[in-house]
Amino acid sequence: MRAVIHSSFGDPAEVLSVQDVPEPEPGPGQVRLRVLLATVHNHDLLTVGGLYGYKPELPARSGTEAVGIVDAVGAGVDEALIGRRVTVGGAFGAWAEYVLAAAAGLIAVPDDIPDEQAAQLGSMPFSAISVLDSLALQPGEWMIQNAANGAVGRMVAQLAAARGVHAVSLVRRTAGITELAAQGVGNVVATDTDDWADRVAALTAGAPIRAGIDSVGGQAAGQIAAMVSEGGQVVIFGAMHSPTLQISSGDIIFKQLTVRGFWGSKVAAAMPAEERASLFRELLQRLREGALTLPVAAVLPFERAGEANQATLSAGREGKILLRP
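About the cut-offs
- Residues numbered from 1 in each chain as written.
- Predicted model: local features only at pLDDT ≥ 70, side-chain atom pairs only at ≥ 80, totals over all residues.
- Heavy atoms only, no water.
- Helix = DSSP H or I, 4+ residues; strand = E, 2+ residues; numbered from the N terminus.
- Rg over C-alpha atoms; globule rule 2.2 N^0.38 Å.
- Buried < 20%, exposed > 50% of the residue type's maximum accessible area, 1.4 Å probe, protein only.
- Contact = heavy atoms within 4.5 Å.
- Areas by Shrake-Rupley, 256 points an atom, 1.4 Å probe, with all protein chains shown as cover.
- Core = buried A, V, L, I, M, F, W, Y, C linked by side-chain atoms within 4.5 Å.
- Axes fitted to C-alpha atoms, helices over the stretch in contact; angles between N-to-C directions.
- Parallel < 35°, antiparallel > 145°, perpendicular 65-115°, else oblique.
- Left-handed = near helix turned anticlockwise from the far one by under 90°.
- Lys, Arg positive; Asp, Glu negative; His and termini not counted.
- Salt bridge = Lys/Arg side-chain N within 4 Å of Asp/Glu carboxyl O.
- Patch = residues over 30% accessible without salt bridge, like charges linked within 9 Å, V, L, I, M, F, W, Y side chains within 5 Å.

Engineer: Even after reading the chapter, I still don't get the overall build of the protein, so can you show me in this structure?
Structural biologist: A count of helical and extended segments in the protein gives 12 helices and 16 strands. Taken against the 2.2 N^0.38 rule, which gives 20 Å for 325 residues, the C-alpha radius of gyration of the protein at 20 Å falls within 12% of a compact globule. Taking the principal axes of its C-alpha atoms as reference, the protein extends roughly 60 × 40 × 35 Å. For the protein, the proportion of its 325 residues judged to be buried stands at 50%. Intrachain contacts of the protein at a sequence separation of at least 6 include 69% that bridge at least 24 residues. Of the accessible surface of the protein, which amounts to about 14300 Å², a share of 51% is contributed by carbon and sulfur atoms.

Encoded structure:
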């Protein structure tokens, strides 16, 4: 089969190539998927660069999320799954014609969900709804987040609104306000203006901001902590700009803030099956309602996988980059 491989860590445009490799055989508890579409995530590209929490042995395959058709099952797996269209996140090596996945982690895709949306369901949307759910906010309460024009940020804003939670969404560029408005996201504030904090205060009309999500790091983490009210929580979701958090000790001490991390892979693995299923049902409901959007910026062949790095990082990109075998 054909698969996207890298023999060294580095710039995806330079180290990724399509190679012929043996077709994998599913082991106990596994299935083999014939990949229809695979999704490109920032963490996939960071892994290729050797910069992520998981560092595979070289030569290594790439990608972690895909939608596909089950075409073989391993020992202990129901053969009735064969022929089913499913999506999966956390299936390392998904940028290939075939990939192995744990049967327990499969998500059956309803017929009314197109491949382009299904390919994205298993990772970012689930991380978005999981981190939002972890905040335990009630309808009418306020939260704040940065990197709001990223995939997870946009989805957190959409899912929060669907739950009746008010979300202030920070972006670094004024143009990001218009971009998010096109996806139905409001309460967006650009931090490239001196009065952005005043704009946040005007939006909330003085209501306490119970929680914040930081995906940027550096001074941006401190901006989030400064906005969160006494007794609130700050969740560190990513480090887009800096791996170091510049948060005022005064904010933590005198406001008694809780600061914690969130890694979607760890959270999903530890989540009870019933809770996981409930959150996925909510995701499908929001998709059908149009409250949640999963736009696609481009669908590229495997041979152009290296281009996905620049496309994914480009300012103003709307939607995910997908790869087609």
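Next comes the rest of the write-up.
Engineer: Could you clarify how one ought to interpret the nonpolar core in this entry?
Structural biologist: Nonpolar side chains in soluble globular proteins tend to be buried together. Ranked by size, the top nonpolar core spans 39 residues in total, and within it V67, F126, L135, M143, V156, L159 and L283 carry the most contacts. For this core, the secondary-structure elements that each account for two or more residues are β3 (30-40), β5 (65-73), α3 (115-121), α4 (124-134), α5 (151-162), β12 (209-214) and α11 (273-289). Take this core: its biggest share by element is six residues, from α4. In this view, F126 contacts L121, A268, M271, R276, L279, F280 and L283; residues no more than four positions away in its chain are not counted.

Engineer: How should I be thinking about the packing of α4 against α5 in this particular structure?
Structural biologist: How two helices sit against one another is set out by the angle between their axes and by the gap between those axes. α5 packs onto α4 with a crossing angle of 55° between their chain directions and a minimal axis gap of 9 Å. When the interaxial angle is binned, α4 and α5 end up oblique. Every pair of crossing elements has a handedness; the one defined by α4 and α5 is right-handed. Contacts between α4 and α5 involve M124, P125, A128, I129, V131 and L132 from the former and V152, M155, V156, L159 and A160 from the latter.

Engineer: I'm lost on the side chain of E65 in this one. Help?
Structural biologist: Note that E65 resides in strand β5. Summary of buried charges: E65 has no salt-bridge partner, and the nearest side chain of opposite charge, K320, is 7.0 Å away. Beyond its immediate chain neighbours, meaning those up to four positions away, E65 contacts A38, T39, H41, V88, G89, A94, A119, Q120, L121, G122 and S123.

Engineer: What exactly am I supposed to notice about a nonpolar patch on the surface here?
Structural biologist: A grouping of L245, I252, I253, F254 and V259 is seen on the molecular surface, where their side chains present a nonpolar patch of about 460 Å² in accessible area. Ranked by residue count, the leading element in the nonpolar patch is helix α9 (residues 249-254), at three residues. Of note, I253 is situated in helix α9. Assessed through its relative accessible area of 48%, I253 is described here as partly exposed.

Just distances and angles here, no functional claims.
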